[in-house]
Amino acid sequence: MREIQAAEITKAVRDLFIDANCNLGEDVLAAFDRAIETDESPVAREVIRELKENARIARDEQSPLCQDTGLAVLFVEVGQDVHVTGGDLKEALNEGVRRGYGEGYLRKSACHPFTRANTRDNTPAVIHFDIVPGERMRIVAVPKGGGAENMSRVDMLSPSAGLEGIKEFVVKRIEASGSNPCPPTVVGVGIGGTFERSALLAKKALTRRIGQRNTDPELAKVEIEVLERINRLGIGPMGYGGNTTALDVFFEVEPCHIASLPVAVNVQCHATRHKEAIL
Amino acid sequence: MAEIKLKTPLTDKDVEKLEIGDRVLLTGVIYSARDAAHKRLFDLIQAGKELPVDIRGQVIYYVGPAPAKPGKPIGSAGPTTSYRMDAYAPKLIELGLKGMIGKGNRGAGVVEAMKKFKAVYFGATGGAGALLARSIRKAETVAYEDLGPEAIQRMEVEDFPVVVINDTKGNDLYVEGAKKYRKP
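The shown structure was predicted, so the numbers you read here are calculated from the model rather than taken from an experiment.

Student: Before we move on, can you summarise the overall build of chain B with the specific residues and values?
Tutor: Scanning chain B from N- to C-terminus turns up six helices and seven strands. Along chain B, from the amino end to the carboxyl end, the secondary structure elements read β-α-β-α-β-α-β-α-β-α-β-β-α. Here chain B has a C-alpha radius of gyration of 16 Å; the compact-globule value for 184 residues is 16 Å, and the two agree. Projecting the C-alpha coordinates of chain B onto the three principal axes gives extents of approximately 50 × 40 × 35 Å. Classification of the 184 residues of chain B by burial places 51% in the buried group. Put simply, 61% of the contacts in chain B that link residues at least 6 apart link residues at least 24 apart.

Student: Could you give an account of the overall build of chain A, naming the residues involved and the relevant values?
Tutor: On a plain count of helices and strands, chain A comes out with eight helices and ten strands. Since a compact globule built from 279 residues should have a radius of gyration of about 19 Å, the 19 Å found for chain A is in line with a globular shape. Projected onto the principal axes, the alpha-carbon positions of chain A cover approximately 55 × 50 × 40 Å. Within chain A, buried positions represent 49% of all 279 residues.

Student: Tell me what's going on with the interface of chain B and chain A, and back it up with residues and numbers.
Tutor: Contacts between chain B and chain A engage 37 residues on the former and 44 residues on the latter. Looking at the side of chain B that touches chain A, the elements with two or more residues in it are helix H5 (129-133) and helix H6 (173-181) of chain B. The dominant element in the side of chain B that touches chain A, judged by the number of residues it contributes, is H6 of chain B, at seven residues. Residues that form the side of chain B that touches chain A fall into these classes: 16 nonpolar, 15 polar and six charged.

Student: Which residues make up the sheet that holds strand E7 (residues 185-193) of chain A, and what values go with them?
Tutor: Residues and elements named next belong to chain A. Sheet architecture is open: four strands sit in the order E6-E9-E7-E8, paired in mixed fashion. Because the sheet does not close on itself, it has two edges, and the strands there are strand E6 (153-157) and strand E8 (246-256). Taken pair by pair, the neighbouring strands of this sheet meet at an average axis angle of 15°, ignoring direction. Note that E6 and strand E9 (residues 261-268) share five bridges and pair antiparallel. Bridging across to E9, Asp-155 finds its partner in Val-263.

Student: Residues and numbers for the packing of helix H2 (residues 26-38) of chain A against helix H3 (residues 42-61) of chain A, please.
Tutor: Residue and element names in this part refer to chain A. Packing of H2 against H3 leaves a shortest axis separation of 9 Å and a crossing angle of 155°. One finds that H2 runs roughly antiparallel with respect to H3. Taken as a pair, H2 and H3 cross one another with a handedness that is left-handed. Contacts between H2 and H3 involve Leu-29, Phe-32, Ala-35 and Ile-36 from the first element and Arg-45, Ile-48, Arg-49, Leu-51, Lys-52 and Ala-55 from the second. Split into classes, the residues belonging to the contact of H2 with H3 amount to seven nonpolar, no polar and three charged.

Student: Just give me the short version of the domain arrangement of chain A, but keep the residues and values in it.
Tutor: Residues and elements named next belong to chain A. One can read the domain layout of chain A as domain 1 (2-20 + 65-144) and domain 2 (147-271). Placing a centre on the C-alpha atoms of domain 1 and another on those of domain 2 gives a separation of 26 Å. Of all elements in the fold, only strand E2 (71-79) and strand E5 (137-144) reach the threshold of two or more residues within the side of domain 1 that touches domain 2. Looking at the side of domain 1 that touches domain 2 element by element, the count peaks at three residues for E5. Residue composition of the side of domain 1 that touches domain 2, grouped by class: six nonpolar, one polar and two charged.

Student: Run through the confidence of the model for chain B, naming residues and quoting values.
Tutor: Per-residue confidence for chain B gives a mean pLDDT of 95, with 99% of residues at or over 70. What the predictor reports for the complex is a pTM of 0.95 with an ipTM of 0.92.

Student: So what about the pairing of E7 of chain A? Which residues, and what values?
Tutor: Residues and elements named next belong to chain A. Among the nine residues in E7, eight count as buried, and that is most of the element. Where E7 meets E8, eight bridges bridge the pair, whose relative direction is parallel. Note on E8: the bridge partner recorded for Val-186 is Asp-248. Direction of pairing for E7 relative to E9: antiparallel, over a ladder of six bridges. Directly across from Gly-188, in E9, lies its bridge partner Asn-266.

Student: Mind laying out the packing of helix H6 (residues 162-177) of chain A against helix H8 (residues 217-231) of chain A, listing which residues take part and the relevant values?
Tutor: All names here are of chain A. H8 packs onto H6 with a crossing angle of 35° between their chain directions and a minimal axis gap of 10 Å. For the pair H6 and H8, the sense of crossing is right-handed. Contacts between H6 and H8 involve Leu-163, Lys-167, Val-170, Val-171 and Ile-174 on the former and, on the latter, Val-222, Val-226, Arg-229 and Ile-230. Along the lines of polarity and charge, the residues of the contact of H6 with H8 split into seven nonpolar, no polar and two charged.

Student: Could you give an account of the environment of Phe-251 of chain A, naming the residues involved and the relevant values?
Tutor: For Phe-251 of chain A, the position within the fold is in strand E8. Remark: the alpha-carbon pair of Phe-251 of chain A and Ala-202 of chain A, spanning 49 residues in sequence, is separated by 7.4 Å.

Student: I'd like to hear about unusual backbone geometry, residue by residue, with values.
Tutor: Residue and element names in this part refer to chain A. The omega torsion of the bond from Thr-123 to Pro-124 falls at 0°, within 30 degrees of zero and hence cis. Here Pro-124 is to be found in the loop between helix H4 (89-103) and strand E4 (126-132). Of note, the amide linkage connecting Pro-183 to Pro-184 takes the cis form, showing an omega dihedral of 5°. Looking at the secondary structure, you find Pro-184 in the loop between H6 and E7. Despite not being glycine, Arg-116 has its phi angle at roughly 65°, a positive value. As for its placement among the helices and strands, Arg-116 is situated in the loop between H4 and E4.

Conventions used here
Residues numbered from 1 in each chain as written. Chains lettered and ligands numbered in written order. Predicted model: local features only at pLDDT ≥ 70, side-chain atom pairs only at ≥ 80, totals over all residues. Helix = DSSP H or I, 4+ residues; strand = E, 2+ residues; numbered from the N terminus. Rg over C-alpha atoms; globule rule 2.2 N^0.38 Å. Buried ≥ 20, exposed ≤ 12 C-beta atoms within 10 Å, placed from the backbone. Contact = placed C-beta atoms within 7 Å. Nonpolar A, V, L, I, M, F, W, Y, C, P; charged D, E, K, R; others polar. Pairing = 2+ DSSP bridges. Axes fitted to C-alpha atoms, helices over the stretch in contact; angles between N-to-C directions. Parallel < 35°, antiparallel > 145°, perpendicular 65-115°, else oblique. Left-handed = near helix turned anticlockwise from the far one by under 90°. Domains from an automatic or database assignment. pLDDT = per-residue confidence, 0-100.

Right under this line is the structure:
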């Protein structure tokens with residue numbers, strides 16, 4: 001049994017949200033460079049250059065890339081031999097969010113669904129726990145912006161729709177999203193499980209690095225095919241027209257019920273933010 | 001692609017000459033307002049009451065900025081998705097609003113109102129909040145402080161970079177742009 005202090009967890013979460021919001025991943029910056037090389041549209045190339053410049057300013061000033069610093073999503077894998085001491089684990093995570101968003105000058109975007117009253121500290125975080133073997137704790141912070149999240153959908157397809165039906169659903173969803181989710185986007189696709197499991201798989205898919213293919217070679221091929229189809233839509237960066245509508249497409253697949261084919265598409269804007277810590 | 005410098009407030013003549021795809025640098029005063037502030041403005045109009053800001057000739061920026069760090073006028077301040085303001089925008093345009101800055105597609109009712117009452121919809125680069133904040137020299141809350149990041153702010157901007165998405169003739173850059181680069 002290994003002990004982890006609640007205060008250590010709070011500090012890690014605080015730092016992760018500030019880091020994720022101010023420092024764009026090298027994988028995304030490299031994808032921007034490729035788009036500047038390949039996009040046929042001069043306007044598209046100009047937009048991507050602006051995004052690179054924005055990332056540079058954010059890093060230099062340690063200010064957020066985007067004013068929408070997201071709802072605080074956390075994936076927490078807790079080793080079964082870990083014992084949290086000195087406080088309540090959930091509260092320690094939320095306190096990390098409170099401190100990160102307060103001390104990091106990040107926008108607080110959490111509000112009551114009906115009254116729209118802001119909770120003022122960006123809590124509660126959306127926390128997905130998993131219990132894993134070992135004596136470590138892995139925390140992945142995913143600040144999730146609203147514009148792209150609003151373009152996400154779940155559908156319960158008929159099993160007869162098959163893989164072709166899934167591809168069609170994903171491409172149509174991105175086409176219908178148009179300029180709204182701040183393209184170029186990253187597209188998380190969750191297939192299988194139940195209604196809610198497919199959505200969780202789609203969200204988890206967004207924590208991959210750009211270019212990190214599915215370990216199943218057949219699914220890796222499907223990811224590339226769907227990415228190419230999306231980039232033929234012509235929507236382009238910011239929807240101004242171009243060949244870079246998505247930077248990547250990630251599929252996560254699990255078995256489902258014999259009667260079902262759940263499919264979820266979780267759309268992520270170009271500020272694809274996720275950082276992790278292992279305690 | 002032309003690059004045009006404009007000073008706010010805007011006149012009919014200013015907006016009529018704009019075409020989709022034009023890059024415009026805005027200088028002067030603009031006002032921030034997003035979901036909750038729009039609902040309040042709309043409710044005041046419905047009740048026949050005076051608005052906290054005279055919107056004639058003005059430009060509204062759909063933005064909820066991040067908090068300002070000490071010594072800075074504002075935090076990151078990029079556009080939010082505009083369609084959520086579609087229910088309220090035609091009424092504001094009818095009352096004299098000349099420009100909106102946001103990102104993403106507008107509904108038919110807004111495009112129609114822009115044609116009828118002469119107004120334009122500008123796009124700013126979504127997610128470029130740190131970059132765009134540099135063009136905002138001063139910002140002060142003028143209404144609805146209780147809304148936090150959704151309060152209405154009066155912003156003094158200098159060469160704030162935008163692109164014309166919808167002009168006064170009913171054209172749409174999103175439609176034309178995607179058409180041009182779409183592949184079979």
